[in-house]
Amino acid sequence: MAERRLLMDIRPLKESPAFRRLWAGSTLSAVGGQMTSFAVVLQVYVLTGSAIAVGAVGLASALPAIVFGLAGGSLIDAFDRRKLVLVTSGCLAGVSAVLAVQAFMDLDQLWLLYCLVAVQSVLSAVNGPARSTFLPRLLTAERVPAGAALNMFTFHFSATIGPALAGVIAAAGGLKLCYLVDMLSFAAALYGIARLPAMPPEGGGTRPSLRAVGEGLRFIGRNRILGGAFLADMNATILGMPFALFPVINAERFGGAAETLGLLTSAVAVGGILGTALSGWVGQVSRQGLAILAAGAVWGAGLAGFGLAHDLWLALALLAVAGAADVLSVVFRTTIVQVATPDRYRGRVSAANHVVGVGCPELGNFRAGAVGSLVSPTFSAVSGGLTTIAGAALIGLTLPAFARYQARPASEPEETKATEHRPS
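Cut-offs and rules
Within any chain, residue numbers begin from 1 and follow the written order of that chain's sequence. Per-residue local features of the predicted model are confined to residues with pLDDT of at least 70, and side-chain atom pairs are confined, for both listing and counting, to 80 or more; whole-chain, interface and lining totals are unaffected and use all residues. Hydrogens and waters are ignored; side-chain quantities use all the structure's heavy atoms. Of the two site types, the cavity is a set of points on a 1 Å grid over the protein atoms alone where a 1.4 Å probe fits but cannot get out, and the pocket is an open set with protein on both sides within 12 Å along at least five of seven lines, each lined by residues with an atom within 4 Å of a point. Grid points are joined across faces, edges and corners, and a volume is the space filled by probe spheres set on the points. Labels follow the DSSP assignment, with helices taken as runs of H or I lasting at least four residues and strands as runs of E lasting at least two, numbered in each case from the N terminus. Each residue's exposure class comes from its accessible area (1.4 Å probe, protein chains only) as a fraction of the maximum for that residue type: buried when under 20%, exposed when over 50%, partly exposed otherwise. Contacts: residue pairs with any heavy atoms within 4.5 Å of one another. Here, the term nonpolar core denotes a set of buried Ala, Val, Leu, Ile, Met, Phe, Trp, Tyr and Cys residues that are joined through side-chain atoms within 4.5 Å. Polar contact is defined as a pair of N or O atoms within 3.5 Å, subject to the rule that within protein one atom must be able to donate a hydrogen and the other to accept it, and that residues adjacent in sequence are counted only when both atoms are side-chain atoms. Note on aromatic pairs: the rings of Phe, Tyr and Trp (six-membered ring only in Trp) are paired at centre separations within 6.5 Å, and the planes decide the class, stacked below 30 degrees, edge-to-face beyond 60, tilted for the rest. Interaxial angles span 0 to 180 degrees and are taken between N-to-C directions of axes, which are lines fitted to C-alpha atoms, for helices over the stretch in contact. Should the near helix be turned counterclockwise from the far one by less than a right angle, the crossing is left-handed, whereas a clockwise turn marks it as right-handed. Put simply, Ala, Val, Leu, Ile, Met, Phe, Trp, Tyr, Cys and Pro go in the nonpolar bin, Asp, Glu, Lys and Arg in the charged bin, and everything else, Gly too, in the polar bin. The working definition used for a salt bridge is a side-chain nitrogen of Lys or Arg within 4 Å of a carboxyl oxygen of Asp or Glu.

A. Representation of empty space enclosed by the protein. What the rule picks out here adds up to four cavities of 30 Å³ or more. In terms of lining, the largest cavity is formed by Asp233, Ala236, Ala295, Gly296, Trp299, Ala325, Asp326, Ser329 and Arg333. Mapped onto the lining of the largest cavity, the elements with two or more residues apiece are helix H11 (224-240), helix H14 (288-308) and helix H15 (312-339). At four residues, the largest contribution of residues to the lining of the largest cavity is made by H15. A volume near 40 Å³ is recorded for the second largest cavity. Looking at the second largest cavity, the residues that line it are Ala232, Asn235, Ala236, Ile292, Leu293, Gly296, Ser329, Ala392 and Ile395.

So this is what it looks like as structure tokens:
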């Protein structure tokens, strides 16, 4: 019994055939997507030899997601979400096909790569949030945390396996094979989506418009539970995100070898895999707001410790602890977003969650790099971790309703009651 509570809860895969097909297809496609991400970065570097050009790939991905993400939420709340994901997934497969074609034809056009990454980002800004709305439709409320943990396992597993597999395939047959494998992997994802039941928004949906986007933002602003969840994520990522510091810290402390840098980068993902593998207990946590704050504090403590660590094994261990805490925070936040949001707002709230998840880490890495350049990498890492802990405590004190939140499905009357009679 204790082992079942500790290890990842796979009951959603057993109890829901639709979720099982969707998860299996998404996992295969996610590995292919990570291979494409690896291939694009490598192709840009081979073409230019420029770190700035490689960094621009991140901007080409982040900026469209931020700009178009909220508008995508109004589409999700207007149309059948299954059909929308089927269309966007098909279009994403088409982007992978174009990437494969340009590689087979040796076009070597930098502008084309940036444009394809931007198009991919816009499609993902609709596809990702729409997919997340499937959880409460396919699983019971008590299984949503376990489903979110399984989805996070997919993310970290693909982030660990995908680049390594891409490196082997690229060395054997070139980057074009990475793009080709990604394109083919969409077949599994499309099959899982096609077998889902129809998922129209409850109540007939809302017309996609700027007004609908504004309504979604006002709903989040009025709801202290959702607002606290977003603030907690922004606090952890903007103040704590450490990846921009890895090359400098690696050079100063650990010899600067590429292999060591790879270990530092993958340590967070490995921690995420361990966190999801040992997440069987998350479904039994009722105070999910407090759990998010606690996980954010552990994330900050791990990063602060990393900033002070001079032994490689200790640095890797602390980054793994931080990664495990981060993935658990995301699991709880995903659960709150999906379960505590009425269905008619679920697409717009999920889209806002996507924008925060995409944009804030980029801002956090910029902060880390700027502070590291102006003061020192050690100060940047340690101060980022400590301010993250302080920020989590401050959110708990100023939003006690979030810290006290007890997981339960949302209904319109409950939400209205919560927003009209907020504690001061």
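B. Fine view of the environment of Leu110. Here Leu110 lies in helix H6 (residues 110-132). By relative accessible area, which is 26% here, Leu110 ends up partly exposed. Distance in space between the C-alpha atoms of Leu110 and Ala53 is 9.0 Å, their sequence separation being 57 residues. Beyond its immediate stretch of four places on either side in the chain, Leu110 contacts Val44, Leu47 and Thr48.

C. Spotlight on the nonpolar core. Phe19, Leu138, Ile336, Val349 and Phe402 are the most contacted members of the largest nonpolar core, which has 55 residues in total. Considering each element in turn, this core owes the most residues, eight residues, to H15. Those residues in contact with Phe19, other than ones at most four positions away along the chain, are Pro12, Leu13, Leu135, Leu138, Leu139, Gly147, Leu150 and Asn151. Membership of the second largest hydrophobic core comes to 26 residues, among which are Val40, Val44, Val117 and Ala170.

D. Fine view of the side chain of Ser16. Residue position: Ser16 is located in the loop between helix H2 (11-15) and helix H3 (17-48). Side-chain polar atoms of Ser16 contact the backbone nitrogen of Phe19, separated by 3.1 Å. Once you skip the residues sitting within four places of it in the chain, Ser16 turns out to touch Leu138 and Leu139.

E. The arrangement of the packing of aromatic side chains in detail. Per the counting criterion, the structure on display carries five aromatic pairs. Taken together, a centroid distance of 6.2 Å and an interplanar angle of 55 degrees make the contact between Trp281 and Phe332 tilted. Taken together, the positions of Trp281 in the loop between helix H13 (258-277) and H14 and Phe332 in helix H15 put the pair 51 residues apart, joining distant regions of the chain. Residue class for Phe332 comes out buried when judged on its relative accessible area of 2%. Through a chain of ring-to-ring contacts, three or more aromatic side chains come together here, namely Phe243, Phe246 and Phe306.

F. Spatial organisation of the packing of H3 against helix H8 (residues 144-173). Closest axis-to-axis distance for the H3/H8 pair is 7 Å, and the angle between their directions is 35 degrees. Between H3 and H8 the crossing geometry is right-handed. Of the residues contributing to the contact of H3 with H8, the split by class is 14 nonpolar, nine polar and no charged.

G. Main features of the environment of Ala194. Along the polypeptide, Ala194 turns up in helix H9 (residues 175-194). Looking at Ala194, the relative accessible area reads 37%, which means it is partly exposed. A sequence separation of 165 residues divides Ala194 from Ser29, and the C-alpha atoms of the two residues are 15 Å apart. Every residue in contact with Ala194, bar those within four places of it in the chain, is listed here: Arg82 and Leu86.

H. Highlighting the pattern of salt bridges. What the rule picks out here adds up to ten salt bridges. The salt bridge partner of Arg11 is Asp9, with a shortest N-O separation of 2.8 Å. Judged by its relative accessible area of 39%, Arg11 falls in the partly exposed class. On the basis of relative accessibility, which here comes to 13%, the residue Asp9 falls in the buried class. Arg143 serves as the salt-bridge partner of Glu15, at 3.0 Å between the closest nitrogen and oxygen. Residue Glu15 is found in helix H2, and its partner Arg143 is found in the loop between helix H7 (135-138) and H8; the two are separated by 128 residues along the sequence. Because the salt bridges share partners, they merge into one network encompassing Asp77, Arg81, Arg137, Arg211, Glu215, Asp343, Arg346 and Arg348.

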